[in-house]
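# An overview of the molecular structure
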Amino acid sequence: MNRRQSWNIILLFCILIFGFTAATWVTPSKEFSDTENRALAQFPQPSLETVLNGEFESDYEKYLSDQFPGRDGWIGLKTDAERAMLRQESKDIYFAKDGYLIEKHTGSFTTDTAQGNIRLLAGFFEKYQEEYQGHLTAMVVPNAVDILRDKLPPFASPYDQEEYLALVENALPQEVWFDTASILKEHKEEEIYYRTDHHWQTKAAFYVWQEWAKEQGFEIPSEEDYRVETVTEEFEGTVQSKLGISVQPDSIQIYVHEEDPFYTVDTGTGEESYSVYDLEALNTKSKYDVYFGGNHALVKIRTQADTGRRILLIKDSYAHCFAPFLVTEFDQIDLVDIRYYNQNLSQLIEEGNYTDLMFLYNASGFAEDVNFSKLLL
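The rules behind these values
Residues numbered from 1 in each chain as written. Predicted model: local features only at pLDDT ≥ 70, side-chain atom pairs only at ≥ 80, totals over all residues. Heavy atoms only, no water. Helix = DSSP H or I, 4+ residues; strand = E, 2+ residues; numbered from the N terminus. Buried < 20%, exposed > 50% of the residue type's maximum accessible area, 1.4 Å probe, protein only. Contact = heavy atoms within 4.5 Å. Areas by Shrake-Rupley, 256 points an atom, 1.4 Å probe, with all protein chains shown as cover. 1 Å grid on protein atoms, 1.4 Å probe; cavity = no way out; pocket = protein on both sides within 12 Å on 5 of 7 lines; lining within 4 Å. Points joined across faces, edges and corners; volume = space filled by probe spheres on them. Nonpolar A, V, L, I, M, F, W, Y, C, P; charged D, E, K, R; others polar. Pairing = 2+ DSSP bridges. Phe/Tyr/Trp six-rings, centres within 6.5 Å; stacked < 30°, edge-to-face > 60°. Core = buried A, V, L, I, M, F, W, Y, C linked by side-chain atoms within 4.5 Å. Arc of directions from axis to C-beta. Polar contact = N/O pair within 3.5 Å; in protein donor to acceptor, adjacent residues only side chain to side chain. Salt bridge = Lys/Arg side-chain N within 4 Å of Asp/Glu carboxyl O.

For the protein chain, the count of helices and strands is 12 helices and 14 strands. Per-residue burial for the protein chain yields a buried fraction of 50% across its 377 residues. Intrachain contacts of the protein chain at a sequence separation of at least 6 include 68% that bridge at least 24 residues. Within the structure as shown, the protein chain displays about 19300 Å² of accessible surface, and the carbon and sulfur contribution to it stands at 50%.

Pasting the structure below:
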């Protein structure tokens, strides 16, 4: 290699390194990624303290990563290259059968947070066990990696969520735990999880609702009681967004009960609505927000069911497709998301005059949530 060729390589290297950095500086920062459905890191403000303790350098590295020019395209290119090399996974996500992208949740269930959350949930139900005897329910729904094991690549070794959920069940007072895993396993050959997203489908929530209604002594619901509507066939969820690749999108179905009582919905935005469905969300990347318009600290549903029962549902977004089924059996349905709710939960329960308390989370979300100390406030 002659000197000229050497200088050309050095020049190309400098252009790649400093050119992309310069492009990051001159390109306006994006505040939110529609593709990844999350806020992006912004340029950190340096101070003597943050520079000396390394916080500024760490935040600046996150900023460069999030604001890198053409970031979405590079992520997709990397994933496509890994699939071309017959990799079975990328970014802790399995390339599973039938087009499923299934998160592994590596390490989620063995942390101190995961174990501490079991104790906090048990403490919550013990606190209200006597007052709400027979009207307490805990549902921790397994993720797709546990239920859809037959679709995982050969030699996949997912953490056994069943072991963790058994610990949760054994820690709770008797007759509180509701076994969603057994119900979902009976229907694992059906499409009960999205291929591109981490949520369960409305069909799966219906099967759980059907069995829980039977346990509660309600009239056992039939799928024939509902009009199943496909509201979109262009849903690309959060798992697909992490990989940045083009895949066959999912469809979203909603179950509309033919004899729902009249109800109103207050999501805390200042405007009352008359449906749990926000159809405008179907025009956005976050199409799962068709349920309630997304995550809110507190959602209040008031119905004319006239049953005398009122329920507080402590939940994550897995509950969003389950909650609409409750309007036929409860006069009052309050949904509280403790990730965003910063008021006193005990006061809410005392003032709500509830007849029922329910907890509904997905398994990895339950294990990873750092807000469960709020349960005992």
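This paragraph deals with the layout of surface pockets. Roughly 230 Å³ of internal volume is contained in the second largest pocket. The wall of the second largest pocket is formed by Val-265, Thr-267, Thr-269, Glu-271, Ser-273, Ser-275, Val-276, Tyr-277, Asp-278, Phe-292, Gly-293 and His-296. Here the residues of the lining of the second largest pocket sort into 4 nonpolar, 6 polar and 2 charged.

Here Ser-373 lies in the segment after helix 12 (363-368). Its relative accessible area of 44% is what places Ser-373 among the partly exposed residues. For the pair Ser-373 and Phe-124, spaced 249 residues apart in sequence, the C-alpha to C-alpha distance is 9.5 Å.

Right, let's talk about empty space enclosed by the protein for a bit. Applying the stated rule across the entire model yields 1 cavity of 30 Å³ or more. Estimates place the volume of the largest cavity at around 90 Å³. Contributions of two or more residues to the lining of the largest cavity are made by strand 5 (101-103) and helix 6 (144-147). For the lining of the largest cavity, the element with the most residues is strand 5, which contributes 3 residues. Here the lining of the largest cavity is built from residues that sort into 8 nonpolar, 4 polar and 2 charged.

Right, let's get into the pairing of strand 8 (residues 250-257). Burial runs high along strand 8: 7 of the 8 residues are buried. Relative to strand 8, strand 7 (residues 226-235) runs antiparallel, the two sharing 7 bridges. Across the sheet, residue Thr-232 finds its bridge partner in strand 8, namely Ile-252.

So, about the sheet that holds strand 5. Read across the sheet, 3 strands follow the order 3-4-5 without closing on themselves; strand pairing throughout is antiparallel. Either end of the sheet is taken by a strand with one partner, and the two such strands are strand 3 (89-90) and strand 5. Relative to strand 4 (residues 93-95), strand 3 is paired through 2 bridges, and the arrangement is antiparallel. When the bridges of strand 4 are listed, Glu-89 appears paired with Tyr-94.

With respect to topology, 7 strands assemble into an open sheet ordered 6-14-12-13-11-9-10, the strand pairing being mixed. In this open sheet, the two strands that pair with only one neighbour each are strand 6 (136-141) and strand 10 (272-273). Relative to strand 11 (residues 298-303), strand 9 (residues 263-266) runs antiparallel, the two sharing 4 bridges. Looking at strand 11, one finds that Asp-266 is bridged to Lys-300.

On to the packing of aromatic side chains. Evaluated as defined, the whole model comprises 30 aromatic pairs. Taken together, a centroid distance of 5.1 Å and an interplanar angle of 55° make the contact between Phe-109 and Tyr-164 tilted. Of this pair, Phe-109 sits in the loop between strand 5 and helix 5 (112-128) while Tyr-164 is found in helix 7 (residues 161-171), placing the two residues 55 residues apart along the sequence. The pair formed by Phe-109 and Tyr-164 is uniform in burial state, with each residue classed as buried.

Take the nonpolar core next. Counting 59 residues, the largest nonpolar core has Tyr-193, Trp-200, Trp-209, Trp-212, Ile-301, Phe-322 and Leu-360 as the members making the most contacts within it. Ranked by the residues each element gives to this core, the list is headed by helix 9 (residues 202-216), at 8 residues. By size, the runner-up hydrophobic cluster in this structure holds 36 residues, among which are Val-176, Val-336, Ile-338 and Phe-359.

What follows concerns the side chain of Gln-201. Summarising the element assignment, Gln-201 is placed in the loop between helix 8 (180-186) and helix 9. Taking relative accessible area as the criterion, Gln-201 reaches 4% and is therefore assigned buried. Apart from the residues within four sequence positions on either side, Gln-201 is in contact with Glu-191, Ile-192, Tyr-193, Tyr-194, Ser-251, Gln-253 and Cys-321.

In this structure, Phe-292 takes a positive phi of about 65° despite not being glycine. Looking at the secondary structure, you find Phe-292 in the loop between strand 10 and strand 11.

Further remarks concern helix 7. Each full turn of the α-helix corresponds to 3.6 residues, which orients residues three or four apart in the same direction. Every buried residue belonging to helix 7 is among Gln-161, Tyr-164, Leu-165 and Val-168, and all of these are buried. Buried residues along helix 7 cover an arc of 95° about the axis, so they all sit on one side. Looking at the buried residues of helix 7, the elements they touch are helix 5, strand 6, helix 6 and helix 12. Its side-chain oxygen at 3.0 Å from the backbone nitrogen of Glu-162, Asp-160 defines the N-terminal cap of helix 7.

Moving on to the pattern of salt bridges. All told, the structure shown has 17 salt bridges when counted by the stated rule. In this structure, Glu-223 engages Lys-203 in a salt bridge whose closest nitrogen and oxygen atoms are separated by 3.6 Å. With a gap of 20 residues between them, Glu-223 in the loop between helix 9 and strand 7 and Lys-203 in helix 9 connect regions that are remote in the sequence. Under the relative-accessibility criterion, Lys-203 is labelled partly exposed at 24%. Between Lys-315 and Asp-337 there is a salt bridge whose closest N-O contact spans 3.5 Å. Pair noted here: Lys-315 is in strand 12 (residues 310-315) and Asp-337 is in the loop between strand 13 (332-336) and helix 11 (345-352), with a separation of 22 residues, a long-range link. Three or more residues joined by partner-sharing salt bridges are found here, namely Asp-146, Arg-149 and Asp-160.

Distances and angles like these do not, on their own, reveal function.
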